[in-house]
Amino acid sequence: MESHLGFIDEWGVVLSPVYFSFLLLTLAAILKNVGCRKEEVVGFCFVFFYYYFLFLLNSLFRIAPIYPDTLLFSTIIEDNYFPEGQSTGVKLFTWFTSPLRFIALYQIEIFVVVQMFLMVLATSLLWKAWCISQKYNNCDKDYFVCYILLLCTFPAFMLFVTIPLRDFLALLGVSFFVLGYIYVREGVKKGVLFVLLGTLICCVVRPAMAILPVVSLVLFFRRTMAKILFLLIGFAFAPFVFIVSTGYTFSPQFFSYVRNSRNERYAESEMVYGIVDWESYWDIFMDLPELLLQFLIAPIPVVREINYLAMKAHFLDAVFCIFVYVLAFIFYKRSKDFCLLFLLLASLFAIWEFYIGGAVRHRMPLVAILLPAASYSVCRIKRKLYGCMTRPEHSTT
């Protein structure tokens, strides 16, 4: 059995439209209750329907590539299997999703519908965070339509949201964290709860992300001295939080050992980054720019040569991501909070990432942070170009 497709059966096929219909109505009700405009409710419901349609196409015609990890997660979902020999992150995913798997009747088709529902909910949280950060300016219909188009054309969403993987939880956690961060910046007290909830969900996917609220303290303050003070405090407490949450050692030597052992394990794939030699935090700092760049544009080679053009879907995602990076940073003053959060998270992920193919999947929830800012830039550029084309020429007489 090569992937999740071997688990698909007639009961799941029959019941998934019933669950989809119920969750579609639930999504619309949630969006209305939190104050979304009519076009926003319709837009997010359309995204849900769109990805459900892609899921059906992929199940019937195997459009998306086959990923080995789907076999593990399909076994967890269908057989209620507890993966004793797997990583802490996979075990936490198994515990955390127990209610979801029960609700989905341990059926792959239903579980994927549930995870797509949570994905769309997460993207609505990111849009809400953007609107709050902009004081509800730059959030009109044109900007929102552009955001929906980006959601529907994001290759990583098409590849990974319609199959059983744990990355939808990373997206949900990141979305809660971003919304909480914006709430805190705006003086809303419940923002701290959103930050903690987002961190908890992120830790289910990657336990090392427990240090996220500690090292991100620097972003919550506007004054330079406060930033420096809490940056030092954050890095002082980060090792303790990391050790307690993961049980691992917090040291450059340990990080080097983890990366190198995985590199040796998957060396035959020719997709690993290569060996590192980290004896100090300065060594990590010196390697970070190269690791970060590889993480952001994988599979385009940075740390080693690979035939990236053979990975057509992943290469298309890299092109899309580069497009989003440029757009998000063009109007940096507008998107500063989102860009800083993106760079912080991407740097933390890049230190751990060792597999070029895995980077494409793991950066998906981080790139989603920039999609509202990218939609803003597209509309701004379009309006400027339209204004230049329609501006009347002044004749001199």
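Residues numbered from 1 in each chain as written. Predicted model: local features only at pLDDT ≥ 70, side-chain atom pairs only at ≥ 80, totals over all residues. Heavy atoms only, no water.

### Section: the packing of aromatic side chains
And step 1. Counted by the stated rule, this structure contains 30 aromatic pairs.
And step 2. With a centroid separation of 6.4 Å and 80° between ring planes, the pair formed by Phe 44 and Tyr 147 is classed as edge-to-face. On the criterion of sequence distance, the pair formed by Phe 44 in helix H2 (residues 38-61) and Tyr 147 in helix H7 (residues 141-153) is long-range, its members being 103 residues apart. As far as burial versus exposure is concerned, Phe 44 and Tyr 147 are alike and both buried.
And step 3. Among the aromatic residues, ring-to-ring pairing joins Phe 20, Phe 48, Phe 49, Tyr 52, Phe 55 and Phe 117 into one connected group. (Phe/Tyr/Trp six-rings, centres within 6.5 Å; stacked < 30°, edge-to-face > 60°. Helix = DSSP H or I, 4+ residues; strand = E, 2+ residues; numbered from the N terminus. Buried < 20%, exposed > 50% of the residue type's maximum accessible area, 1.4 Å probe, protein only.)

### Structural notes on the packing of H2 against helix H6 (residues 108-133)
And step 1. Where H2 meets H6, the axes come as close as 10 Å, and the angle between the chain directions of the two elements is 145°. The element H2 and its partner H6 pack so that their crossing is right-handed. Judged by residue contacts, Glu 40, Phe 44, Val 47, Phe 48, Tyr 51, Tyr 52 and Phe 55 of H2 engage Glu 109, Val 112, Val 113, Met 116, Phe 117, Met 119, Val 120, Thr 123, Ser 124 and Trp 127 from H6.
And step 2. Classifying every residue of the contact of H2 with H6 by side-chain character gives 13 nonpolar, two polar and two charged. (Axes fitted to C-alpha atoms, helices over the stretch in contact; angles between N-to-C directions. Left-handed = near helix turned anticlockwise from the far one by under 90°. Contact = heavy atoms within 4.5 Å. Nonpolar A, V, L, I, M, F, W, Y, C, P; charged D, E, K, R; others polar.)

### Structural notes on the confidence of the model for the chain
And step 1. Summary statistics for the chain give a mean pLDDT of 83 and a share of 86% for residues scoring 70 or more.
And step 2. Considering each helix and strand of the chain separately, the mean pLDDT is smallest for helix H12 (residues 224-246), with a value of 66, and largest for helix H15 (residues 312-330), with 94. (pLDDT = per-residue confidence, 0-100.)

### Description of a nonpolar patch on the surface
And step 1. Taken together, the side chains of Ile 322, Val 326, Ile 330, Ile 381 and Leu 385 define a hydrophobic patch exposed on the protein surface, amounting to about 400 Å² of accessible area.
And step 2. Only H15 and helix H18 (364-390) provide two or more residues apiece to the nonpolar patch.
And step 3. In terms of residue count, H15 provides more of the nonpolar patch than any other element does, three residues in total.
And step 4. Relative to the elements of secondary structure, Leu 385 occurs in helix H18. (Patch = residues over 30% accessible without salt bridge, like charges linked within 9 Å, V, L, I, M, F, W, Y side chains within 5 Å. Areas by Shrake-Rupley, 256 points an atom, 1.4 Å probe, with all protein chains shown as cover. Salt bridge = Lys/Arg side-chain N within 4 Å of Asp/Glu carboxyl O.)

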